[in-house]
Amino acid sequence: MASRIAVLVSGSGSNMEALADACAANEVPGEIVMVASDRPCRALEIAGDRGIPTQLVEFSAFGSRDEWSHALRDAVVACEPDLVVSAGFMRILSPAFVDTFEGRLINLHPSLLPSFAGAHGVRDALEFGVKVTGTTVHLVEHQVDHGPILLQEAVAVLPDDTEEKLHERIKDVEHRLLPEACRIMLQGRT
Ligand code: GAR
């Protein structure tokens, strides 16, 4: 039986879509059983169009970060995932959420961690003037953008790069790297 994957998103959803394609092509031994977001976004629309169940756990609809965080955790627990993938999810997960999914929660970050952690990994690398940046898939621990690295790949910064152009080339790599990381995590579970 295919493993159950829950994906957390906040934006355009290109990585979630790449993962869904890889699952459909049997390159990953799993299926996306739920896509959850903290805000209305393109990723939720894409998931809905593909027939994947979606959950909007809108941050602004809750009185406190704790309440929102518990609701998100409950929603993800309910779909009984073998793997939880943060793919462009732009809010910090609470310690309770991280504890609940310990060892089966991974995050995608658009820099070569531990460099340029945080919400603006691509912009910060460009502003620093590095000649090489990249992307990282890692297991999630309590500290933000921290934890054992599963896969990492470099992307060269070009002289005329803008944040947008550089991020697009990083995403091209991520669309291959994230499914591969999921395959590694799930192998042996099917
Ligand atoms: C990806 O590049 C991912 O690495 C990044 O957001 C993008 C989501 O793109 N994540 C972070 O910045 C997390 N701090 P997508 O919505 O098209 O998949």
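The shown structure was predicted, so the numbers you read here are calculated from the model rather than taken from an experiment.

The rules behind the values
Residues numbered from 1 in each chain as written. Predicted model: local features only at pLDDT ≥ 70, side-chain atom pairs only at ≥ 80, totals over all residues. Heavy atoms only, no water. Helix = DSSP H or I, 4+ residues; strand = E, 2+ residues; numbered from the N terminus. Rg over C-alpha atoms; globule rule 2.2 N^0.38 Å. Buried < 20%, exposed > 50% of the residue type's maximum accessible area, 1.4 Å probe, protein only. Contact = heavy atoms within 4.5 Å. Lys, Arg positive; Asp, Glu negative; His and termini not counted. Charge placed at Lys NZ, Arg CZ, Asp CG, Glu CD. Right-handed = clockwise from strand over helix to strand, strands pointing away. Pairing = 2+ DSSP bridges.

Caption draft 1: Just the overall build of the protein chain, in detail. A count of helices and strands for the protein chain gives 6 helices and 7 strands. Beginning at the N terminus, the succession of helices and strands in the protein chain can be written as β-α-β-α-β-α-β-α-β-α-β-β-α. The C-alpha atoms of the protein chain give 16 Å as radius of gyration, which agrees with the globular expectation for 190 residues (16 Å, within 12%). Along the longest, intermediate and shortest principal axes, the C-alpha atoms of the protein chain span 45 × 40 × 30 Å. When each of the 190 residues of the protein chain is scored for burial, the buried share is 46%. Of the contacts made within the protein chain by residues no fewer than 6 positions apart, 61% connect residues no fewer than 24 positions apart. Once the 16 positive and 28 negative side-chain charges of the protein chain are each reduced to a mean point, those two points are 1 Å apart.

Caption draft 2: Spatial organisation of the pairing of strand S5 (residues 105-109). The buried fraction of S5 is high, at 5 of 5 residues. Burial along S5 is two-sided: the face carrying Leu105, Asn107 and His109 and the face carrying Ile106 and Leu108 are both buried. Read as a crossover between parallel neighbours, the route from strand S4 (residues 83-86) over helix H4 (residues 95-100) to S5 is right-handed. By the bridge criterion, 4 bridges tie S5 to strand S6 (residues 132-139) in an arrangement that is antiparallel. Counterpart to histidine 109 in the pairing with S6 is threonine 136.

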